[in-house]
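Below are the chains, spelled out letter by letter.
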Amino acid sequence: MDDMEDLDLNLTQTTRMFTKAELCLWEPKPEPCGLVIFGASGDLTLRKLIPSLFHLFSRKLLPENFYVLGVARTEMDDEKFRSTLVTALGDSVTQEKEVFSDFIRRFHYHTCDYGDRGGYLAMKKLLAELDGRFGVQGRRVFYLSTPPSLYPIIVRMLGEAELNQPPGDNRPWVRVVVEKPFGTDKPSAQQLNRDFHSVLDECQIYRIDHYLGKETVQNIMMFRFANILFEPAWNRNYIDHVQITASETLGVEHRAGYYEESGVLRDMFQNHLLQLVALIAMEPPSLFSADPIRNNKIEVFKSIRPFTRATIDRDTVRGQYSAGTAGGKSTPAYRAEKGVKGDSTTATYAAMRFEVDNWRWAGVPFYVRSGKCMAERVTEIAIQFKHVPVSIFQPIPAEQLAANVLRFRIQPDEGITMSLEAKYPGPKLCLGTVKMDFNYQKTFSMAQPESYARLLLDSMTGDQTLFSRSDGIEECWQILDPVLNKWKKDGEKGLHFYPAGSWGPGEADTLLSRDDRTWDLPYDSLG
Ligand code: BG6
């Protein structure tokens, strides 16, 4: 990193070519700025934001001139807020003592009722003082980590207090990062977009999807567009179908209030899983930068065949966990969890079959499933190729030569694996399936950085590539709204119960067996 600091790399304007090795050492460093976290006493701040900021800080990726202002309703002073950092960071506090003492002095706290104008004016004064003290020249990131119902009022208040600096040449930038869920359906997302746009320009809005910050998810684009080998086969001529699984062993935990309203479609599909579909299905963008990538993803969303009442019944399956053992722990039924209604019809599992109606993907279904309290924690994308057209290895028929499968293992044991047919040692016609494996841990011997670290850094450097644009969010709701409405109307009818610790309801198997297919097993179960 140090070697690169004086390079002042401006990738879009420079004429100098940088080597790949140089780029591996280089991260753009944000300009001096302050980070204001709304919801600073909340779980996300403690579990994700503070550890990610410390990770960036200890690697010298944050500017020297930097501070954090925590804002929340909870009464606290700076000292008390700082003590929460000690809890959030655990052992790192003692392991990196000096770094921590430089880090913690930058943290301040402001108690504020989110709807109180006076609280924002007082915050404005405090920010001006902190800006001066830390020399950040008015550049600010506001991070909305509150319950989503508070987003409209916070954004309006930022506007009323004139804390929303519109972008302009000589003005310090102001950006707003907003957590998911962004709306609960298309109309509410449109309204939220209007609320944001009445105060901020789209280029100031960073709608976060932490999946996009995962190294393995970012790698899908590198894999597809930095290698020549796969792109020619990346279409309906060679690919039979695509499967995406995001299964968790945890249940609803302490989030019943949120989850009861949200359910798996709003929680996982509208954002993370449709983003994975888009990364697999998108056309090559003209450049690895925000708008070309977001435009092409949105084209995918627009090509997804709209669900009708009939296709919802046929192509979607919803489930809810009943009591069982998941992740080695005895788990109560969802309906018996604290804060969940005894007759709740909230889906904790869904499996869906998407058709992407464009030239590349027509006739190639994307099967996507996700659930809580399942057999294993795994997120994996399996690209199932077609069988060879004819077998020369008689008497083995072509269908018995296993089709190639390319698996992106998003987590855990991050990696990519390709299954191939190969000759087994011994008899002349002995064939079997072998794996070509790339494993992050083995290759790079380092832990995966927390996805929030990537996204926080990008919001400070002004790179929106890994954030959703307003129209993208609305398109995703457009796909799911008919399903959400029908499921709500159907109530318990069509809700399938699955024991905690299983792979979900059997009806999800039918979704594939109807097409003569089966769910792929996570690749570590394949031996
Ligand atoms: C969050 C959802 O966005 O993603 C959670 O709200 C879910 O319900 C989580 O558990 C999964 O993220 P990860 O990174 O653990 O796969």
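In what follows, the structure referred to is the one given above.
Quick notes on the rules
Residues numbered from 1 in each chain as written. Predicted model: local features only at pLDDT ≥ 70, side-chain atom pairs only at ≥ 80, totals over all residues. Heavy atoms only, no water. Helix = DSSP H or I, 4+ residues; strand = E, 2+ residues; numbered from the N terminus. Rg over C-alpha atoms; globule rule 2.2 N^0.38 Å. Areas by Shrake-Rupley, 256 points an atom, 1.4 Å probe, with all protein chains shown as cover. Lys, Arg positive; Asp, Glu negative; His and termini not counted. Charge placed at Lys NZ, Arg CZ, Asp CG, Glu CD. Axes fitted to C-alpha atoms, helices over the stretch in contact; angles between N-to-C directions. Left-handed = near helix turned anticlockwise from the far one by under 90°. Contact = heavy atoms within 4.5 Å. Nonpolar A, V, L, I, M, F, W, Y, C, P; charged D, E, K, R; others polar. Near = heavy atom within 4 Å. Polar contact = N/O pair within 3.5 Å; in protein donor to acceptor, adjacent residues only side chain to side chain. Parallel < 35°, antiparallel > 145°, perpendicular 65-115°, else oblique. Salt bridge = Lys/Arg side-chain N within 4 Å of Asp/Glu carboxyl O. Buried < 20%, exposed > 50% of the residue type's maximum accessible area, 1.4 Å probe, protein only. Pairing = 2+ DSSP bridges. Phe/Tyr/Trp six-rings, centres within 6.5 Å; stacked < 30°, edge-to-face > 60°. Lys NZ or Arg CZ within 6 Å of the ring centre and 35° of its normal. Core = buried A, V, L, I, M, F, W, Y, C linked by side-chain atoms within 4.5 Å.

Caption draft 1: Spotlight on the overall build of the protein chain. Looking only at helices and strands, the protein chain has 16 helices and 17 strands in total. A compact globule built from 527 residues should have a C-alpha radius of gyration of about 24 Å, and the protein chain, at 24 Å, falls within 12% of that. Each of the three principal axes of the protein chain carries a C-alpha extent, and together these read 80 × 60 × 45 Å. Summed over all atoms, the accessible surface of the protein chain reaches about 24100 Å², with 53% contributed by carbon and sulfur. For the protein chain, the centre of its 62 positive side-chain charges and the centre of its 70 negative side-chain charges are spaced 3 Å apart.

Caption draft 2: Broad picture of the packing of helix α3 (residues 78-89) against helix α5 (residues 97-104). Interaxial distance between α3 and α5 falls to 11 Å at its minimum, and their mutual angle equals 140°. Every pair of crossing elements has a handedness; the one defined by α3 and α5 is right-handed. Contacts between α3 and α5 pair R82, L85, V86 and L89 from the former with F100, F103 and I104 from the latter. Considering only residue class, the contact of α3 with α5 consists of six nonpolar, no polar and one charged.

Caption draft 3: Focus on the site of the ligand. Surveying the vicinity of the ligand reveals the residues K180, H210, Y211, K214, E248, R255, D267, H272, K372 and Q411. Here an oxygen atom of the ligand and a side-chain polar atom of R255 are 2.8 Å apart. The fraction of the free accessible surface of the ligand (400 Å²) that becomes covered by protein chains is 80%. Tallied by class, the residues present in the shell around the ligand amount to one nonpolar, three polar and six charged.

Caption draft 4: Spatial organisation of the packing of helix α2 (residues 43-58) against helix α14 (residues 451-461). α14 packs onto α2 with a crossing angle of 70° between their chain directions and a minimal axis gap of 8 Å. In terms of orientation, α2 lies roughly perpendicular with respect to α14. Here α2 runs over α14; the crossing is right-handed. Each of L44, K48, L49, S52, L53, H55 and L56 in α2 lies in contact with α14, whose residues at this interface are Y452, A453, L456, L457 and M460. Partitioning the contact of α2 with α14 into residue classes produces nine nonpolar, two polar and one charged.

Caption draft 5: Expanded view of the pattern of salt bridges. Applying the stated rule across the entire model yields 38 salt bridges. We note a salt bridge from R207 to E202, for which the minimum N-O separation is 2.8 Å. Judged by relative accessible area, R207 falls into the buried class, the value being 2%. Note that D315 is salt-bridged to R314, the shortest N-O span being 3.0 Å. Relative accessible area serves as the criterion here: at 3%, D315 is assigned to the buried category. The exposure class assigned to R314 is partly exposed, which follows from its relative accessible area of 43%. By sharing partners, the salt bridges in this structure join D240, R353, E355, D515 and R517 into a single network.

Caption draft 6: Spotlight on the sheet that holds strand β16 (residues 431-439). The nine strands lie next to each other as β16-β15-β14-β13-β7-β12-β11-β8-β17, forming an open sheet whose pairing is mixed. Only two strands of the sheet have a single partner each, and these edge strands are β16 and β17 (495-499). Across the sheet, the mean angle separating the axes of adjacent strands is 20° when strand polarity is ignored. For strand β8 (residues 316-322) and strand β11 (residues 349-354), the ladder comprises four bridges, and the chain directions are antiparallel. Residue pairing across strands places G319 opposite Y349, the latter belonging to β11. Contacting β13 (378-385), β14 (405-411), β15 (415-423) and β16, helix α9 (residues 215-225) crosses the sheet at an angle of about 145° to β14. Sheet contacts for helix α15 (residues 470-490): β8 and β11; angle to β8, the most-contacted strand, approximately 55°.

Caption draft 7: Here's a closer look at the packing of aromatic side chains. For the structure shown, the criterion picks out 25 aromatic pairs. Centroid distance Y321 to Y334: 5.6 Å. Interplanar angle 75°. Geometry classified as edge-to-face. Of the two residues, Y321 is situated in strand β8 and Y334 in the loop between β10 (329-331) and β11; the sequence distance between them amounts to 13 residues. A relative accessible area of 0% means that Y334 is categorised as buried. Aromatic ring contacts, followed pair by pair, group F54, F57, F81, F100, F103, F107 and Y109 into a single cluster. A cation over a ring is seen here: R207 above F182, with NZ or CZ 4.8 Å from the ring centre. Directly above the ring of Y211 sits K214, whose terminal nitrogen or CZ lies 4.8 Å from the centroid.

Caption draft 8: Fine view of the sheet that holds strand β1 (residues 33-38). Spatially, six strands are ordered β3-β2-β1-β4-β5-β6 in an open sheet, and the strand pairing comes out parallel. Only two strands of the sheet have a single partner each, and these edge strands are β3 (107-111) and β6 (205-207). Pairwise comparison of adjacent strand axes, ignoring direction, gives a mean angle of 20° for this sheet. For strand β5 (residues 174-178) and β6, the ladder comprises three bridges, and the chain directions are parallel.

Caption draft 9: Geometry of the environment of K180. In this fold, K180 is placed in the loop between β5 and α8 (186-197). Between the C-alpha atoms of K180 and L144, which are 36 residues apart in sequence, the distance is 9.6 Å. Contacts of K180, omitting those with residues within four sequence positions, involve Y151, I208, Y258, R266, D267, N271 and H272. Looking at K180, its side chain comes within polar contact range of the side chain of D267, at 3.2 Å.

Caption draft 10: Spatial organisation of the nonpolar core. Counting 151 residues, the largest nonpolar core has F38, L53, M123, F142, F196, F269 and F408 as the members making the most contacts within it. Among the elements that line this core, the one with the most residues is helix α10 (residues 256-281), at 14 residues. Apart from residues lying up to four places away in sequence, F142 is in contact with V36, F38, M123, L127, L158, L163, V174, R175, V176 and V177.

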